[in-house]
Amino acid sequence: MTSATAGGTAPVPPARTRKSVTGTRKAVAVLFLLPCLVLLGALVVYPIGYSLIRSFLNQSGDGFAGVDNYKALFTDDGIRTALKNNVIWVVFAPTVATALGLVFAVLTERVRWGTAFKLVVFMPMAISMLAAGIIFRLVYDQDPDKGVANAVWVGVHDTFAESSAFPKAHPGRQSPLQAEKGGFITRQAVHAGQSVTLPLVGVAPDKMPGGAKKAVQAPSEPGKVTGTAWQDFTRGKGVGRLGQVDPGELGYVGMRIEAVKDGKVVDSAKVRGDGTFTLSDKADGAQLRLPASNFREPYNGVDWLGPSLVTPAVIGAYVWMWAGFAMVLIAAGLAGVPRELLEAARVDGANEWQVFRRVTVPLLAPVLAVVLVTLMINVLKVFDLVFIIPPGSSQDDANVLALELYRKAFAEDQPGIASAIAVFLLLLVIPVVWFNVRRLRREVRR
């Protein structure tokens, strides 16, 4: 092709194929991106679009239901409980995990074995949610002999308020004792120089305390009230004598005996290993009382997986797993904090708390935001722990949206409502993702 000029004709160069900014032809770039676009459409775009359409159809999928499925989100009791629990999760779980991660990251900088400590704290991240759920199902077991949480709790409780060794003890037939306010009291007053018998039954021989010895009849002492409190039971028909101390019967060691006169305790004593006890002359004319503390049921700990505590308990398991993740990210951000700023603050007279609050935390704000937003997105989708840890009796109380979606779709065969829950979860996640994208763009501009 030629064109006329003052000096004649000049050839026109052929049009060049347009290239991308990297120098690659756009057609080639599209070919390379095509598999990714196909996968993105098949695995992301199509499921989202199908769920959106399905959420407006009835349960069979052959009729238009309008917004009925979305109305169920706010009228169904199970979904409303799940919504409430999701709010609790979003508020507390990311906050606690991020706060613990921050504390661990700051403190491990000052300890000699900081790397080893970080490894231990981060290790739960290597465990699957399924395994973590099974672990914490055992940790929260009600039986203190199985559940670590209750074993510790019961140990601390019994340190300050020891449980009774005789919770099932009670008077037998023809007993001189009668019930009173959870305990027992003699029907008649006792007098100095008298030996009193206080027979009880109801404790198996193998359940008696280790210090229990063979009971003996307490001898009378002038000016004192003596007596015997023992297990009035001997194995074998017709072997033992009712109301009398027989060979082989054990004393109620450690049981408290109170002398009560006019409603006031005037004296008290503890039963010795052989079942005998001694009260001073103050007990003359008083009634002997075995207070309710002698028969207190053993403390069995806290019902961690009961309706009132099951959600905080599951959140505790989540924090155990994800605090290490927060710690590692925050520690990486902390490594980039200029040390001269921290030293300048200390030189200016700031103490360690002021340095942490006014210098370290503001400088770590971008990293803390990343961790917090990431965990918020994560807890909106939490399913495994809530499905595994709570027992069937309290799983409804621990319900979250992801678990309710699973129930509606597979257990109750309501795919329309399940699709509406999925779309609703997507709408909840979008603002958090949008905030994170904006924050990242601001970081890039800097």
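This is a predicted model, so every value here is computed, not measured.

Cut-offs and rules
Residues numbered from 1 in each chain as written. Predicted model: local features only at pLDDT ≥ 70, side-chain atom pairs only at ≥ 80, totals over all residues. Heavy atoms only, no water. Helix = DSSP H or I, 4+ residues; strand = E, 2+ residues; numbered from the N terminus. Buried < 20%, exposed > 50% of the residue type's maximum accessible area, 1.4 Å probe, protein only. Contact = heavy atoms within 4.5 Å. Pairing = 2+ DSSP bridges. Axes fitted to C-alpha atoms, helices over the stretch in contact; angles between N-to-C directions. Phe/Tyr/Trp six-rings, centres within 6.5 Å; stacked < 30°, edge-to-face > 60°. Salt bridge = Lys/Arg side-chain N within 4 Å of Asp/Glu carboxyl O.

A.B. asks: What is the right way to look at the environment of Leu380 in this model?
C.D. replies: Assignment of secondary structure puts Leu380 in helix H10 (residues 365-380). By relative accessible area, Leu380 is classed as buried at 7%. Residues Leu380 and Val90, 290 residues apart in the sequence, show an inter-C-alpha distance of 6.9 Å. Among all residues touching Leu380, those that are not within four sequence positions of it are Asn86, Val90, Leu425, Leu428 and Val429.

A.B. asks: Would you mind showing me how to read the sheet that holds strand E6 (residues 225-231) here?
C.D. replies: Strand pairing in a sheet is mediated by backbone hydrogen bonds. Such pairs are either parallel or antiparallel. With mixed pairing, three strands are arranged side by side in an open sheet as E5-E6-E9. Whereas interior strands pair on both sides, the edge strands pair on one side only; in this sheet they are strand E5 (195-200) and strand E9 (276-279). Sheet twist, expressed as the mean angle between neighbouring strand axes with direction ignored, is 25°. Pairing between E6 and E9: four bridges, direction antiparallel. Across the sheet, the residue bridging to Gly227 is Phe277, located in E9.

A.B. asks: Hey, could you run me through the packing of aromatic side chains in this one?
C.D. replies: Any aromatic ring pair is given by two values, namely how distant the centres are and how the planes are angled relative to each other. This model, assessed by the stated rule, comprises 18 aromatic pairs. Between Phe136 and Trp320, the ring centres sit 5.1 Å apart and the planes meet at 65°, which makes this aromatic pair edge-to-face. Of the two residues, Phe136 is situated in helix H5 (residues 129-139) and Trp320 in helix H7 (residues 310-335); the sequence distance between them amounts to 184 residues. When the centroid spacing of 4.8 Å and the interplanar angle of 90° are considered together, the rings of Phe166 and Tyr252 count as edge-to-face. Here the residue Phe166 occupies a position in the loop between helix H6 (148-160) and strand E3 (177-180), and Tyr252 occupies one in the loop between E6 and strand E7 (256-261), the gap between them amounting to 86 residues.

A.B. asks: Explain the pattern of salt bridges to me, please; I cannot follow it from the model alone.
C.D. replies: Where charged atoms from two side chains of opposite charge approach closely, those side chains can pair. On inspection of all chains with the given rule, the structure shows 14 salt bridges. Of the charged contacts, one joins Lys408 and Asp76 as a salt bridge, the two residues approaching to 3.2 Å between their closest N and O atoms. With Lys408 in helix H12 (residues 401-411) and Asp76 in the loop between helix H2 (68-75) and helix H3 (77-108), this pair connects stretches of sequence that are 332 residues apart. Lys408 gets classed as buried once you look at its relative accessible area, which sits at 3%. The partly exposed category is assigned to Asp76, whose relative accessible area is 23%. One salt bridge connects Lys408 with Glu404, and the closest N-O pair in it is separated by 3.4 Å. Remark: Glu404 and Lys408 occur in helix H12; sequence separation between them is four residues, near one turn of the helix. Each member of the pair Lys408 and Glu404 is classed as buried. One continuous salt-bridge network, built from bridges that share partners, spans Asp76, Glu404, Lys408 and Glu412.

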